[in-house]
Amino acid sequence: MTARTRWFLLVGIVLLGLVSFLSFRPSRVTAPPATSGTPALSARPAPRPLPVAMAPRVQQPFTSAQLEQFLADARSAEAIQDPLQRCLAYPDPPGLHWPKAVTNAYCHYLLDAVIKPDEVRQLIQAGRTAELDRRFAEIMHAQLTQPGAQSALDRTFNIDFAVSSPVTRALVDAWKRQSPQSPFALAASGLSYVAMAQSARGSEFADKTSQDQFESMGRLLEQARTDLDAAAKLDPHVTPAYAGMLYVAMLGSDGAYAMHAAKQGLAIDPANFPIYARLARMSQPKWGGNVHRLQGVIDAAQRHAKDNPLLLLLLAERKDGDEYVAYCECSIEQEYDIYQQLFAEPGTTGMLMGAGWGAHDRNALDFSVIYRSELLRFDPSQIAHRQGRAFDLPRLGQADWALFEGNSLVALAPQDENSYEARGYVYEQMHQTDPAVKDFEQALRMNPDDAWGLLALANLYAFDLHDWDKAWVPANRMVQIHPDDPRGWQLRAIIEKNGRRKGLDQTVSEFVARFGNDPAQQALLQQMQSFRTSK
């Protein structure tokens, strides 16, 4: 029996267990990394007057000195301008020792296209597509035959073409016109269409996604599938086509197509990271799989980790993928277990994103900053997480770095209100009230209905400046725009009581009517009722 035949049998065994879950209808699609965005309200500290107590710390996985050294080294690394060198120079999380072979490979995978996008553009625009095809053929041959060249073609196509951009779309269309029988041009076109389909669908839950969005996604997926199938037919060794097919299958809920793509792709490249990564994602419970199936895919991938260190990245997903680290209602022991056990090996950017949001929501700010810093190491474009980290840094004694980040974010994303809110919060923590007020006001000019901004500005006016009249305006708007948020009613009652404004009884009565039967609001309910008795 040949090695190739043995591999086909192994693939059949591994993939057989995937059939039953690949016929699901996804309830949510996670968008590709974006360059900017609005984090959830939980990404920012809860504005007063509802402070969150810090969680107790026992048997910390790292010392305070190790954390401080990590933060200093991370800030130093982030001063390096070249993204790849910055990633390679970045420190590992304190108390953990990530294998250099894995972190270096991931830095190259995400940031080091063998043929850079500008060079691809120049060759196509100059009509030199034959040369481009030849160079991609050389990269493909190296990936499949040379140690150390794992995922070279995959990473280059992912960086250069898996982009939802009119510029990229026009470029690959020009390539196809010049070389209509090029499997590389067709694979690049397919990846571009998949990225466009994901963008058209968006990242909301299905019940918040319109039929037009689904139909637009469907049309783009058909175009992607046509080009990806043609690429693989012309040359089955063009491995980026198979990862693209799996993405099409995931978005289109096509289990049979997923099976076909995985079987073909792994037969060509048994240690292919993007294929296994996509299979692992499709195995997560949120996509209709289960933990047992997810672990089966990860175990199968680890049999080939000696040939491709990137496969070790999947170990962090073995409990439940990014859903677990993002939404775990963790005890402090579980928080430590996530850090020391799941992240004993580096995690993918998706895992680091989930861990960053989750740790922040659980008020484990030291872990949140570490996870987000490592995410920014591998993907500096994650502006939302950079903004979120800026909110957390002051409470770790890093106000100076936080202010530097706030200024950088305003310069980098001046049209994003979260940049101003992040810097304003840093100013507030540094007791620089005037610039904090200016930043919060600017954020509200950009988004007048933002709940966090309204509360933050009202809090500053009320508790720092004791200007109850100015505090009343954003607090009252908060109640009008977000009547189901108890914080607005609480703040309005405080302003009415301390500013001796009329309407306190009505505010408390409205609060009781809305939240009186909510078990989570009973402590606040008692406080609100005490306002009336202490008038």
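In this numbering scheme, every chain counts its residues from 1 along its sequence in written order. For this predicted model, a pLDDT threshold of at least 70 governs which residues receive local features, and a threshold of 80 or more governs which side-chain atom pairs are given and counted, while totals over whole chains, interfaces and linings are taken from all residues. Water and hydrogen atoms play no part in the side-chain values, which are based on all heavy atoms of the structure.

S.K.: So what exactly am I meant to see when it comes to the packing of helix H26 (residues 504-515) against helix H27 (residues 522-533) here?
M.R.: Each packed pair of helices is defined by two parameters, the angle between the axes and the distance between the axes. One can describe the packing of H26 onto H27 by two numbers: an axis separation of 9 Å at closest approach and a directional angle of 155 degrees. When the axis of H26 is compared with that of H27, the two are roughly antiparallel. Here the hand of the crossing between H26 and H27 comes out left-handed. Note on element contacts: H27 touches H26 through Gln 522, Leu 524, Leu 525, Met 528, Gln 529, Phe 531 and Arg 532, opposite Leu 504, Asp 505, Thr 507, Val 508, Ser 509, Phe 511, Val 512 and Phe 515. Under the grouping applied here, Gly and all other residues not named as nonpolar or charged are polar, the nonpolar ones being Ala, Val, Leu, Ile, Met, Phe, Trp, Tyr, Cys and Pro and the charged ones Asp, Glu, Lys and Arg. For the contact of H26 with H27, the residue count by class is 9 nonpolar, 4 polar and 2 charged. Inter-axis angles, ranging from 0 to 180 degrees, are taken between N-to-C directions of lines fitted to C-alpha atoms, where helices are fitted over the stretch in contact. Elements are defined by DSSP. Helices are runs of H or I of four residues or more, strands are runs of E of two residues or more, and each kind is numbered from the N terminus. The labels follow the angle: roughly parallel below 35 degrees, roughly antiparallel above 145, roughly perpendicular from 65 to 115, and oblique for the rest. With the far helix as reference, a near helix turned anticlockwise by less than a right angle produces a left-handed crossing, and one turned clockwise produces a right-handed crossing. What makes two residues a contact is simply this: any of their non-hydrogen atoms within 4.5 Å.

S.K.: Is there a simple way to explain unusual backbone geometry in this structure?
M.R.: Keep in mind that most residues, glycine aside, have a negative phi and that most peptide bonds are trans. A positive phi angle, close to 65 degrees, is found at Ser 151, a residue other than glycine. By the element assignment, Ser 151 lies in the loop between helix H6 (129-145) and helix H7 (152-161). The phi angle at Ser 253 is positive, at roughly 55 degrees, despite the residue not being glycine. The buried category is assigned to Ser 253, whose relative accessible area is 18%. Exposure classes here rest on a 1.4 Å probe applied to the protein chains alone. A residue is buried below 20% of its type maximum, exposed above 50%, and partly exposed in between.

S.K.: When you look at the pattern of salt bridges in this model, what are you seeing that I'm missing?
M.R.: Once their charged atoms are close, side chains differing in charge can pair, the charge on each being opposite to the other. What counts as a salt bridge is simple: a side-chain nitrogen of Lys or Arg found within 4 Å of a carboxyl oxygen of Asp or Glu. The full count for this structure, using the stated rule, is 31 salt bridges. A salt bridge links Arg 155 to Asp 112; its shortest N-O distance comes to 3.4 Å. Residue Arg 155 is found in helix H7, and its partner Asp 112 is found in the loop between helix H4 (100-111) and helix H5 (117-125); the two are separated by 43 residues along the sequence. By the burial criterion, Arg 155 is buried, and Asp 112 matches it. A salt bridge links Arg 362 to Glu 335; the nearest nitrogen and oxygen atoms lie 2.7 Å apart. Taken together, the residues Arg 362 in the loop between helix H17 (349-361) and helix H18 (365-378) and Glu 335 in helix H16 (residues 332-340) connect sequence positions 27 residues apart. A single salt-bridge network, built from bridges that share partners, covers Glu 78, Arg 86, Arg 386, Arg 389 and Glu 405.

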